[in-house]
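Residues per chain are reported as follows:
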Amino acid sequence: MRPTCLITIGPQEGVRELILIDEGKTKSRSIRIRFNLTGLTCTQPASCGGTPGTFSDGSLSGESRLTGKTAKEVEEGIWVD
């Protein structure tokens, strides 16, 4: 069994490049989220293989879609205000 590699990403300040885009109409409205975050601070233990310590050169980028539903699982449009 391999040792667990748990990298901790704590609270961040000054992280930018998060874009929210409205998509669709009426009940199918959703929000597309694009992100490109750099300069993330994280802590890596020795069990991850590399040099253990706290580093501030982490990054995370990608895209996701946020949709809405009522308590009865009926699609409900959402948007950025």
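Look up: the structure comes first, before these words.
In this report, the structure presented in the accompanying data block is examined. (Residues numbered from 1 in each chain as written. Predicted model: local features only at pLDDT ≥ 70, side-chain atom pairs only at ≥ 80, totals over all residues. Heavy atoms only, no water.)

1. Some details on the pattern of salt bridges
- For the structure on display, the rule yields five salt bridges.
- Residue K27 pairs with E76 through a salt bridge whose shortest N-O separation is 3.8 Å. With K27 in the loop between strand 1 (18-23) and strand 2 (30-44) and E76 in strand 5 (residues 75-76), this residue pair connects regions lying 49 residues apart in the sequence.
- Of the residues examined, K27 reaches a relative accessible area of 48% and is grouped as partly exposed.
- Using a relative accessible area of 35% as the deciding quantity, one classes E76 as partly exposed.
- Its salt-bridge partner being E63, residue R34 comes within 3.3 Å of it at the nearest N-O pair. Note that R34 is positioned in strand 2 and E63 in strand 3 (residues 53-66), a separation of 29 residues in sequence.
- Bridged by salt links that share partners, the residues E23, R32, R34 and E63 form one connected network. (Salt bridge = Lys/Arg side-chain N within 4 Å of Asp/Glu carboxyl O. Helix = DSSP H or I, 4+ residues; strand = E, 2+ residues; numbered from the N terminus. Buried < 20%, exposed > 50% of the residue type's maximum accessible area, 1.4 Å probe, protein only.)

2. Some words on a nonpolar patch on the surface
- Side chains of L18, L20 and V80 sit close together on the surface and give an oily, nonpolar patch of about 260 Å² of accessible area.
- Checked against the element boundaries, V80 lands in the segment after strand 5. (Patch = residues over 30% accessible without salt bridge, like charges linked within 9 Å, V, L, I, M, F, W, Y side chains within 5 Å. Areas by Shrake-Rupley, 256 points an atom, 1.4 Å probe, with all protein chains shown as cover.)

3. Focus on the state of the cysteines
- This structure, assessed with the given rule, holds one disulfide.
- C5 shares a disulfide with C48; S-S distance 1.9 Å. Judged by the torsion about the S-S bond (100°), the C5/C48 disulfide is right-handed. Highlighted residues: C5 in the segment before strand 1 and C48 in the loop between strand 2 and strand 3, separated in sequence by 43 residues. (Disulfide = S-S within 2.5 Å.)

4. Some details on unusual backbone geometry
- Even without glycine at this site, T26 takes up a positive phi of about 45°.
- Residue position: T26 is located in the loop between strand 1 and strand 2.
- Of the residues examined, T26 reaches a relative accessible area of 65% and is grouped as exposed.
- Despite not being glycine, E73 has its phi angle at roughly 65°, a positive value.
- Exposure remark for E73: the relative accessible area of 56% places this residue in the exposed category.

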